[in-house]
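A structural walkthrough
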Amino acid sequence: MVSEDGNVTAEAHIADVKTLPKNWPDGITYLTDHTYSAAVTDDQRTALCRTLSADATWTQVPDTAIQVPTPLLEICIIANESHPANGQRGIFATRHLIPDSFICLYMGHVHINSMSDQDPNSDYDLSLDRDIGLSVDAARSGNESRHANDYRGIAKRPNAEFRDCYVKVPCTKRAAGSKWERRVAIFVLPAGKAGKRKAGIQAGEEVLVNYGKGYWEGRKTLASFRKDDAMLKIAKLALGE
């Protein structure tokens, strides 16, 4: 379905795939692209397509790099008691992923940054554009990227990162039938000046990002308040306590 401003509506982005990724969780909708809250305005959608000087160098991800489901990853259920996400899911490379390369988009439900339009209990809410007040939440719907774990308690450092980028999206009002719109995606970390990460991510290796230490400190505080022993254990493992 297409809206009056030429954008494809939410219903068109809910996956109609015969085979979901292996180990995809029950009750979570698999998406081929974002869905949008009714509170997101046309002006905010338009602003996502504006290229500013600060983001003119962002990667433009070609259509050919975006496959659903992605063949680059597999979702596995963690069976390791020392792993902070033991019994939960993680994403693992199915092949060698070279430094600085695109892995997959972070997909979910785009909402405005207002308490009335967000889930305060979500662990999957990621900022999409602070300037225009939008975030993307993968708590109830998303893709493989929602299962990317933080590196703390697993490895010495992350091997991937969340990064702003642009992708082509359908638009009936453009002569080419599409436009570039900003997204957040997971990329392999670059090799670095000293080449310490030149190996990239090996086949079978878990893709690990950096949630930020503050995330786990916040989880620890929340777990103590709720008296949630399971959450507290995970947070302490991630913080190395």
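How each quantity is defined
Residues numbered from 1 in each chain as written. Predicted model: local features only at pLDDT ≥ 70, side-chain atom pairs only at ≥ 80, totals over all residues. Heavy atoms only, no water. Helix = DSSP H or I, 4+ residues; strand = E, 2+ residues; numbered from the N terminus. Rg over C-alpha atoms; globule rule 2.2 N^0.38 Å. Buried < 20%, exposed > 50% of the residue type's maximum accessible area, 1.4 Å probe, protein only. Contact = heavy atoms within 4.5 Å. Phe/Tyr/Trp six-rings, centres within 6.5 Å; stacked < 30°, edge-to-face > 60°. pLDDT = per-residue confidence, 0-100. Pairing = 2+ DSSP bridges. Core = buried A, V, L, I, M, F, W, Y, C linked by side-chain atoms within 4.5 Å. Polar contact = N/O pair within 3.5 Å; in protein donor to acceptor, adjacent residues only side chain to side chain. Axes fitted to C-alpha atoms, helices over the stretch in contact; angles between N-to-C directions. Lys, Arg positive; Asp, Glu negative; His and termini not counted. Salt bridge = Lys/Arg side-chain N within 4 Å of Asp/Glu carboxyl O.

1. Looking at the overall build of the protein chain
Looking only at helices and strands, one finds three helices and 14 strands in the protein chain. Taking 241 residues into account, the globule formula puts the C-alpha radius of gyration at 18 Å, and the protein chain, at 18 Å, falls close to it. Each principal axis of the C-alpha atoms in the protein chain carries an extent, and together these give about 55 × 40 × 40 Å. Residues classed as buried in the protein chain amount to 44% of the 241 residues present. Long-range pairs, those at least 24 residues apart, make up 68% of the contacts in the protein chain between residues at least 6 apart in sequence.

2. Looking at the packing of aromatic side chains
All told, the structure shown has four aromatic pairs when counted by the stated rule. Considering the side-chain rings of W58 and Y166, the 5.4 Å spacing of their centres and the 40 degrees angle between planes classify their relative orientation as tilted. Of this pair, W58 sits in the loop between helix 1 (42-47) and strand 3 (59-61) while Y166 sits in strand 12 (residues 160-170), placing them 108 residues apart in sequence. Note on W58: relative accessible area 18%, which makes it buried.

3. Thoughts on the confidence of the model for the protein chain
Across the protein chain, the average pLDDT comes to 86, with 91% of residues at 70 or higher. Considering only residues more than four positions removed or in separate chains, one finds that residues 1-12, a stretch of pLDDT under 50, has 26 contacts.

4. Overview of the sheet that holds strand 9 (residues 134-137)
Spatial strand order, 2-7-9-8: four strands in an open sheet with mixed pairing. Of all the strands in the sheet, just strand 2 (35-36) and strand 8 (125-129) have a single pairing partner and so form its edges. Two elements, strand 7 (residues 109-112) and strand 9, share four bridges in a ladder whose sense is antiparallel. Residue pairing across strands places H109 opposite D137, the latter belonging to strand 9.

5. Some thoughts on the environment of D123
In this fold, D123 is placed in the loop between strand 7 and strand 8. On a C-alpha basis, the gap between D123 and A138 in space is 8.3 Å, while along the polypeptide they are 15 residues apart. Apart from residues lying up to four places away in sequence, D123 is in contact with Y215 and R219.

6. Considering the pairing of strand 9
A regular strand carries its side chains on alternate faces of the sheet. Neither face of strand 9 is left uncovered, since the one carrying L134 and V136 and the one carrying S135 and D137 both have all their residues buried. Across four bridges, the pairing between strand 8 and strand 9 is antiparallel. Residue pairing across strands places S127 opposite S135, the latter belonging to strand 9. Following strand 8, the chain reverses through four residues before pairing antiparallel with strand 9; G133 in that reversal takes a positive phi of roughly 75 degrees.

7. Some thoughts on the nonpolar core
The nonpolar side chains of a soluble globular protein tend to be buried, and buried together. In terms of nonpolar packing, the biggest core is built from 18 residues, with I103, I186, I201 and V207 touching the most fellow members. Those elements that place two or more of their residues in this core are strand 4 (73-77), strand 5 (89-93), strand 6 (102-105) and strand 13 (178-188). Setting aside residues no more than four positions away along its own chain, V207 makes contact with L73, I91, F92, A93, I103, A148, N149, N159, A160, I186 and I201. Among the nonpolar cores identified, the runner-up in size contains 10 residues, and V40, Y106, L128 and V184 belong to it.

8. Overview of the side chain of R163
Within the secondary structure, R163 is located in strand 12. Engagement of the side chain of R163 in a polar contact is seen with the side chain of E161, the distance being 2.7 Å. With sequence-adjacent residues up to four places away left out, R163 is seen in contact with T59, D100, R183, V184, A185, F187, V188 and P190.

9. Regarding the sheet that holds strand 6
Strand order in the open sheet formed by four strands is 3-12-13-6, and the pairing between neighbours is mixed. Each having just a single partner strand, strand 3 and strand 6 make up the two edges of the open sheet. Neighbouring strand axes in the sheet, compared pairwise and without regard to direction, differ in orientation by 45 degrees on average. Where strand 12 lies against strand 13, 11 bridges are found, and the strand directions are antiparallel. Its bridge partner being in strand 13, A160 is matched across the sheet by V188.

10. Re the side chain of D117
Mapped onto the elements of the fold, D117 is located in the loop between strand 7 and strand 8. The side chain of D117 sits in the buried core without any salt bridge; R140 is the nearest counter-charge, 9.9 Å away. With sequence-adjacent residues up to four places away left out, D117 is seen in contact with S37, A39, H111 and I112.

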